[in-house]
2 protein chains.
Amino acid sequence: MARQAEAGRRTPLTRERVLRAAVALADGIGIEALSMRKLAQELGVVPMALYKHVANKEQLLDGMVDVVVGEIDPPAPGADWKSAVRQRVLSARRALLAHPWAARVIQSRSGPTPVVLAYMDSVIGIFRTGGFSVDLTHHVMHALGSRMIGITQELFDPPPGPRAQVPAPQEGAGEYPYVMELAGAVAHDKDSVVGQGCDDQFEFEFALDLLLDGFERLQRQGWFSADHMRDEGR
Amino acid sequence: MARQAEAGRRTPLTRERVLRAAVALADGIGIEALSMRKLAQELGVVPMALYKHVANKEQLLDGMVDVVVGEIDPPAPGADWKSAVRQRVLSARRALLAHPWAARVIQSRSGPTPVVLAYMDSVIGIFRTGGFSVDLTHHVMHALGSRMIGITQELFDPPPGPRAQVPAPQEGAGEYPYVMELAGAVAHDKDSVVGQGCDDQFEFEFALDLLLDGFERLQRQGWFSADHMRDEGR
DNA sequence: ACCTGAACACCGTTCAAGT
DNA sequence: ACCTGAACACCGTTCAAGT
């Protein structure tokens with residue numbers, strides 16, 4: 001840390017350097033612990049110096065998201081829409097998994113940065129050139145939601161340490177019979193993988209493929225949203 | 001506010017009263033602005049008095065989630081699994097929409113409270129009594145993710161004010177051609193609803209039904225996860 | 001034994017004073 | 001003109017002093 005601070009005093013501060021340091025710091029100490037003050041310290045700089053390169057903390061977080069989104073592989077040329085989308089989304093997931101804070105930060109943003117917008121544009125483009133109507137593309141993009149960028153929308157964040165999200169077997173066995181049945185079966189299934197709960201990659205692909213298969217079915221049958229609207233009002 | 005503070009001094013503080021006040025305050029001023037200090041002030045009480053009823057702010061947020069989840073309608077008896085799940089999830093969505101901060105707070109929790117666990121148990125129960133295997137139930141619960149509790153997994157939070165998430169038509173028209181095409185079509189489609197962007201309810205039900213239809217198909221064909229595992233390792 | 005005010009260790013950001 | 005230290009207006013929570 002002392003060495004980094006010293007290097008920081010030599011090399012001039014740039015937006016790029018600020019963002020990369022912020023990403024590394026968040027990787028290290030977690031996003032909640034990341035503060036302007038600590039980031040400045042890490043760069044061997046007075047806190048106010050950061051405000052020359054980012055307007056405020058919100059803009060810092062935007063920039064950090066851009067760094068992570070920049071790590072997503074470019075789209076594979078010449079693939080059919082289904083495997084192209086699949087590949088893109090799974091690559092996004094890999095990028096996000098490398099930065100545990102990224103999914104949460106992306107979701108806390110109130111709007112997309114140009115970099116994120118470009119990513120979305122490319123995914124939309126895959127559907128459109130794959131034969132999807134504008135209408136259907138619109139709805140499938142909503143259906144993908146943040147899964148489009150590799151985010152698993154689980155109900156609870158994966159606990160950082162060893163799994164202990166479900167109450168111990170004896171307690172709650174009567175109150176939550178179905179939860180216990182399910183938890184028991186999962187534990188038995190995966191007892192080769194010590195301490196691990198569910199196979200998150202499998203679950204992610206399961207849901208993704210379910211959606212992609214659904215999209216394919218709708219596209220083939222020429223689905224159009226007007227067919228499904230319930231009355232004039234909408 | 002002065003009247004509330006006075007009433008607060010009379011009525012003894014209870015966990016219930018603290019939680020209800022916190023929910024009302026978050027509804028009013030937003031979750032970011034909710035602080036232990038402001039909540040205490042609203043109740044006409046010194047900040048430290050709150051710590052008699054909630055251990056810390058995390059536990060306060062847990063309690064607030066429980067209040068919202070308590071507003072979800074009980075399961076409809078005698079319905080088939082598909083409409084029972086559908087009804088439950090849409091009711092959860094109604095409850096969450098009444099408290100704009102709720103979805104974000106639920107997702108920030110690291111584990112389920114007993115109240116949330118009971119909700120999950122009831123949804124799992126619908127699938128199990130509807131003929132789903134433990135295995136398939138496990139995977140469809142993951143596929144539903146937080147949609148199970150009515151959360152729309154959009155990439156960005158719905159902007160509070162009038163929509164302006166996409167850059168103005170002239171700028172970025174060349175850089176994001178597919179985004180612009182889609183945004184243009186949506187704007188044209190819904191120009192009866194002034195200022196509104198997408199029909200969030202329609203999008204939510206579109207994705208939900210896509211998933212439920214997929215679940216039904218898998219259940220009918222006796223899907224089993226082992227068929228789809230790629231190698232021994234998992 | 002209970003309650004509570006002051007204090008602690010932080011924040012992000014402003015701003016005026018110094019170079 | 002630039003840079004930066006001190007200050008402002010907050011946090012959640014601790015803790016010792018007062019009743």
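Going by the annotation in an unreviewed UniProt entry, the name recorded for chain A is Transcriptional regulator, with Streptomyces pristinaespiralis given as the source organism.

(A) Main features of the overall build of chain A. When you go through chain A residue by residue, the secondary structure sums to 11 helices and 0 strands. Beginning at the N terminus, the succession of helices and strands in chain A can be written as α-α-α-α-α-α-α-α-α-α-α. Taking all 234 residues of chain A together, 48% fall into the buried category. Considering only contacts within chain A whose residues lie at least 6 apart along the sequence, 72% involve residues at least 24 apart. Split by element, the accessible area of chain A, about 11,700 Å² in all, is 56% carbon and sulfur.

(B) Focus on the domain arrangement of chain A. All names here are of chain A. According to the domain assignment, chain A contains domain 1 (2–54) and domain 2 (74–153 + 199–231). Of note, the centres of domain 1 and domain 2, computed from C-alpha atoms alone, are 33 Å apart. Facing the 5 residues of domain 1 at the interface are 5 residues of domain 2. Overall, the association of domain 1 and domain 2 removes approximately 400 Å² of surface from exposure, summing both partners, and the carbon and sulfur fraction of that is 68%. Viewed at the interface, domain 2 and domain 1 are joined by 0 salt bridges. Our count for the contact surface shared by domain 1 and domain 2 stands at 2 residue pairs in polar contact (both at pLDDT 80 or more).

(C) A look at the protein's contact with DNA strand D. Taken together, Arg37(A), Val46(A), Met48(A), Lys52(A), Ser35(B), Met36(B), Arg37(B), Lys38(B), Met48(B), Tyr51(B), Asn56(B) and Lys57(B) form the complete shell of residues around DNA strand D. A distance of 3.2 Å is found between a phosphate oxygen of DNA strand D and a side-chain nitrogen or oxygen belonging to Ser35(B). Backbone polar atom of Lys57(B) to a phosphate oxygen of DNA strand D: 3.1 Å apart, as the coordinates give it. The leading source of residues in the surface near DNA strand D is helix α3 (residues 36–42) of chain B, at 3 residues.

(D) Layout of the UniProt feature "domain: HTH tetR-type" (unreviewed entry) in chain A. Per the UniProt record, the feature "domain: HTH tetR-type" (unreviewed entry) sits at residues 12–72 of chain A. As annotated, residues 12–72 of chain A has a helix share of 64% and a strand share of 0%, and its two end C-alpha atoms lie 28 Å apart.

(E) How the structure looks around the side chain of Ser146(B). Along the chain, the position of Ser146(B) falls in the loop between α9 (134–144) and α10 (177–189). Apart from residues lying up to four places away in sequence, Ser146(B) is in contact with Gln153(A), Glu154(A), Leu155(A), Gln107(B) and Ile151(B).

(F) Layout of the protein's contact with DNA strand C. The immediate surroundings of DNA strand C are formed by Ser35(A), Met36(A), Arg37(A), Lys38(A), Met48(A), Tyr51(A), Asn56(A), Lys57(A), Arg37(B), Val46(B), Met48(B) and Lys52(B). Taken together, the sugar and phosphate atoms account for 46% of what DNA strand C places within 4 Å of the protein. The contact in question runs from a phosphate oxygen of DNA strand C to an N or O atom on the backbone of Met36(A), over 3.2 Å. In this structure, a phosphate oxygen belonging to DNA strand C sits 3.1 Å away from a main-chain N or O atom of Lys57(A). For the surface near DNA strand C, the element with the most residues is helix α3 (residues 36–42) of chain A, which contributes 3 residues. By residue class, the composition of the surface near DNA strand C is 5 nonpolar, 2 polar and 5 charged.

(G) Representation of empty space enclosed by the protein. Counting across every chain of the model gives 3 cavities of 30 Å³ or more. Looking at the largest cavity, its volume works out to about 100 Å³. In terms of lining, the largest cavity is formed by Ala143(A), Leu144(A), Arg147(A), Ile151(A), Gln153(A), Leu211(A), Ala143(B), Leu144(B), Gly145(B), Arg147(B), Gln153(B) and Leu211(B). Listing elements by their share of the lining of the largest cavity, those giving two or more residues are α9 (134–144) of chain A together with α9 of chain B.

(H) Region of the structure containing the interface of chain A and chain B. Contacts between chain A and chain B engage 68 residues on the former and 68 residues on the latter. Buried surface at the junction of chain A and chain B, both sides included, amounts to about 6,100 Å², of which 66% is carbon and sulfur. Counting the contacts that link chain A with chain B gives 2 salt bridges. Where chain A packs against chain B, one counts 19 residue pairs in polar contact (both at pLDDT 80 or more). Broken down by secondary-structure element, the contributors of at least two residues to the side of chain A that touches chain B are α7 (102–108), α8 (114–129), α9, α10 (177–189) and α11 (200–220) of chain A. Here the side of chain A that touches chain B takes 12 residues from α11(A), the largest share from any one element.

(I) Quick peek at the side chain of Arg147(A). Looking at the element boundaries, Arg147(A) is found in the loop between α9 and α10. For the buried residue Arg147(A), which engages in no salt bridge, the nearest side chain bearing the opposite charge is Glu154(A), 6.4 Å off. Leaving out residues up to four positions away in the same chain, Arg147(A) has contacts with Val89(A), Phe204(A), Ala207(A), Leu208(A), Leu211(A) and Ala143(B).

(J) Representation of helix α2 (residues 15–29) of chain A within the structure. All names here are of chain A. The end-to-end C-alpha distance of α2, which contains 15 residues, comes to 21 Å, matching closely the 21 Å that a straight helix rising 1.5 Å per residue would cover. Within α2, the full set of buried residues consists of Val18, Leu19, Ala21, Ala22, Val23, Leu25 and Ala26. Looking at the buried positions of α2, the neighbouring elements they touch are α3, α4 (47–50) and α5 (57–69). Downstream of α2 by one or two residues, Gly30 has phi in the positive range, about 90 degrees.

(K) Representation of the packing of aromatic side chains in the model. All names here are of chain B. Counted under the stated rule, the structure contains 12 aromatic pairs over all chains. Between Trp81 and Phe127, the ring centres sit 5.8 Å apart and the planes meet at 40 degrees, which makes this aromatic pair tilted. One end of the pair, Trp81, is in helix α6 (residues 81–97); the other, Phe127, is in helix α8 (residues 114–129), and 46 residues separate them in sequence. Its relative accessible area of 0% is what places Phe127 among the buried residues.

(L) Molecular detail of the packing of α11(A) against α9(B). One can describe the packing of α11(A) onto α9(B) by two numbers: an axis separation of 9 Å at closest approach and a directional angle of 75 degrees. Here α11(A) is positioned roughly perpendicular relative to α9(B), judged by the angle of their axes. The residues of α9(B) that touch α11(A), namely those facing Phe202(A), Glu203(A), Phe206(A) and Ala207(A), are Leu136(B), His138(B), His139(B), Val140(B), His142(B) and Ala143(B).

(M) Representation of the UniProt feature "DNA-binding region" (unreviewed entry) in chain A in the model. This chain's UniProt record puts "DNA-binding region" (unreviewed entry) on residues 35–54 of chain A. In this annotation, residues 35–54 of chain A is assigned 55% helix and 0% strand; the end-to-end C-alpha distance for the span is 13 Å.

Analysis parameters
Residues numbered from 1 in each chain as written. Chains lettered and ligands numbered in written order. Predicted model: local features only at pLDDT ≥ 70, side-chain atom pairs only at ≥ 80, totals over all residues. Heavy atoms only, no water. Helix = DSSP H or I, 4+ residues; strand = E, 2+ residues; numbered from the N terminus. Buried < 20%, exposed > 50% of the residue type's maximum accessible area, 1.4 Å probe, protein only. Contact = heavy atoms within 4.5 Å. Areas by Shrake-Rupley, 256 points an atom, 1.4 Å probe, with all protein chains shown as cover. Domains from an automatic or database assignment. Buried area = accessible area lost by both parts, 1.4 Å probe. Salt bridge = Lys/Arg side-chain N within 4 Å of Asp/Glu carboxyl O. Polar contact = N/O pair within 3.5 Å; in protein donor to acceptor, adjacent residues only side chain to side chain. Near = heavy atom within 4 Å. UniProt positions renumbered as here; feature names shortened; annotations may be inferred. Nonpolar A, V, L, I, M, F, W, Y, C, P; charged D, E, K, R; others polar. 1 Å grid on protein atoms, 1.4 Å probe; cavity = no way out; pocket = protein on both sides within 12 Å on 5 of 7 lines; lining within 4 Å. Points joined across faces, edges and corners; volume = space filled by probe spheres on them. Lys, Arg positive; Asp, Glu negative; His and termini not counted. Expected span 1.5 Å × (residues − 1). Phe/Tyr/Trp six-rings, centres within 6.5 Å; stacked < 30°, edge-to-face > 60°. Axes fitted to C-alpha atoms, helices over the stretch in contact; angles between N-to-C directions. Parallel < 35°, antiparallel > 145°, perpendicular 65-115°, else oblique.

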